[in-house]
Amino acid sequence: MSAPAISETRRRKQPLRVPIVILIAALIITAVAICAVLGERIAPDSPFLQRLGVGDTPPSPVHVAGTDLLGRDVLSRVIYGARTALVGPVVVAAGAFAIATLLGLLSGYLGGLVDSTIMRWVDFMLALPGPLVAVVVVGVVGGGYWTAVLVLVVLFTAPDTRIVRSAVLDQRPLPYIEAARTLGISKTRILFVHILPNVAPIILAYVVLDFAFALVNLAGLSFLGLGIEPGTPDWGRMLFENRNILFSNPVALLLPAGMIILTAASMNLIGDWLFERFAK
């Protein structure tokens, strides 16, 4: 039995003990996911309904989290905002690592010119100020939310490629890879059947961490008025729209800000735990 197989056998024999903090983080993410899927059913009011005569009001029995400057229900907008808070970061994390996995596998295993070319591109991308590039590109192109998502996919791919390449380099000298070469197994099969399953836990852990970073980046772009369309329920956009009513209705700012922090922190905790549990 090869070394990775022995390690995997030992790993399966260990009981899976999930810390209470991770369970709480998972519950928070589950709640956000439920809001994203069932937002229109569980929201107490329409997030788009404007009551200009009401304006911004503090929390009350009618509007639990109060209303914003246009009289829109804050709680309903936060619930609806979970959709953009999940969909975009999921696409960024999954898209970046899908590309990075392919590039990292090729770079780490093939080496030579392929490795040199890919890593020079990675070095170039890492030298760029990522947040500034995102602001400039989204601001100039003006393509909206999905343009921001696409830009972040490209920016996140470079560091993810380096992570996958490093994991592949750890696997390449192991006996099971040498045995596969001796048996005449093709490089494609070695990469995707033998190496990929052994680096998958590291990829999974970093995908979760990428989600947290993507959430914060997209919220930051929305706060700057980039990406998301005006009036769309979005946590970052709500911070921008409600910054002037901090004293008349602080919940309008604190609630979306708290959701950004809780969701990002929860995903970070889950990602760290997955890395400690499966990637080491």
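Residues numbered from 1 in each chain as written. Predicted model: local features only at pLDDT ≥ 70, side-chain atom pairs only at ≥ 80, totals over all residues. Heavy atoms only, no water.

J.: How should I be thinking about the side chain of Thr157 in this particular structure?
T.: You can see Thr157 is positioned in helix 6 (residues 145-171). Those residues in contact with Thr157 that sit more than four places away from it in its chain are Ala96, Ile99, Ala100, Leu103 and Trp121. (Helix = DSSP H or I, 4+ residues; strand = E, 2+ residues; numbered from the N terminus. Contact = heavy atoms within 4.5 Å.)

J.: Got a minute to help me understand the environment of Glu229 in this structure?
T.: Among the structural elements, Glu229 can be located in the loop between helix 8 (187-223) and helix 9 (235-241). Overall, Glu229 belongs to the partly exposed group, its relative accessible area being 48%. As a C-alpha pair, Glu229 and Tyr145 span 84 residues in sequence and 7.2 Å in three-dimensional space. (Buried < 20%, exposed > 50% of the residue type's maximum accessible area, 1.4 Å probe, protein only.)

J.: When you look at the pattern of salt bridges in this model, what are you seeing that I'm missing?
T.: Note that side chains of opposite charge can pair when their charged atoms are close. Going through the model one piece at a time under the given rule, you end up with 11 salt bridges. Among the ionic pairs, Arg72 bridges to Asp68, the shortest N-O distance being 2.9 Å. The pair formed by Arg72 and Asp68 is uniform in burial state, with each residue classed as buried. Close ionic contact of Arg77 with Asp68 constitutes a salt bridge, the shortest N to O distance being 4.0 Å. For Arg77, a relative accessible area of 1% puts it in the buried group. Taken together, the shared-partner salt bridges connect Asp68, Arg72, Arg77, Arg237 and Glu241 into one network. (Salt bridge = Lys/Arg side-chain N within 4 Å of Asp/Glu carboxyl O.)

J.: Teacher, can you tell me more about the nonpolar core here?
T.: If you look at soluble globular proteins, the nonpolar side chains tend to sit buried side by side. Grouped together as the largest cluster of nonpolar side chains are 31 residues, with contacts concentrated most on Val32, Val74, Val78, Trp235, Met267, Ile270 and Leu274. Ignoring sequence-local partners within four residues, the contact set of Val32 consists of Ala82, Leu86, Trp235, Met259 and Thr263. Counting residues in hydrophobic clusters, the runner-up holds 22 residues, among them Met125, Ala148, Val149 and Phe156. (Core = buried A, V, L, I, M, F, W, Y, C linked by side-chain atoms within 4.5 Å.)

J.: Looking at this model, I keep getting lost on helix 3 (residues 74-110). Mind explaining?
T.: Along an α-helix, residues three or four apart share an orientation, since each turn contains 3.6 residues. In this model helix 3 runs 53 Å from its N-terminal to its C-terminal C-alpha over 37 residues, within 8% of the 54 Å that 1.5 Å per residue would give. If you look at helix 3, its biggest bend is around 25°, right at Tyr80. Remark: Gly111 follows helix 3 within two positions and exhibits a positive phi of approximately 65°. (Expected span 1.5 Å × (residues − 1). Bend = angle between axes of the 7 residues up to and from the residue.)

J.: Any chance you could explain the side chain of Asp210 here in plain terms?
T.: Locating Asp210 in the fold gives a position in helix 8. No salt bridge is formed by the buried Asp210, whose closest oppositely charged neighbour, Arg162, lies at an N-O distance of 13 Å. Among all residues touching Asp210, those that are not within four sequence positions of it are Ala93, Phe97, Phe156 and Asp160. (Lys, Arg positive; Asp, Glu negative; His and termini not counted.)

J.: Would you take a moment to explain the packing of aromatic side chains for this structure?
T.: Each pair of aromatic rings is reported with the distance of its centres and the angle of its planes. This structure, assessed with the given rule, holds 4 aromatic pairs. On the basis of an interplanar angle of 75° and a centroid distance of 6.3 Å, the ring pair of Phe48 and Tyr80 is categorised as edge-to-face. With Phe48 in the loop between helix 2 (20-42) and helix 3 and Tyr80 in helix 3, this pair connects stretches of sequence that are 32 residues apart. Taken together, a centroid distance of 5.3 Å and an interplanar angle of 80° make the contact between Tyr145 and Trp146 edge-to-face. (Phe/Tyr/Trp six-rings, centres within 6.5 Å; stacked < 30°, edge-to-face > 60°.)

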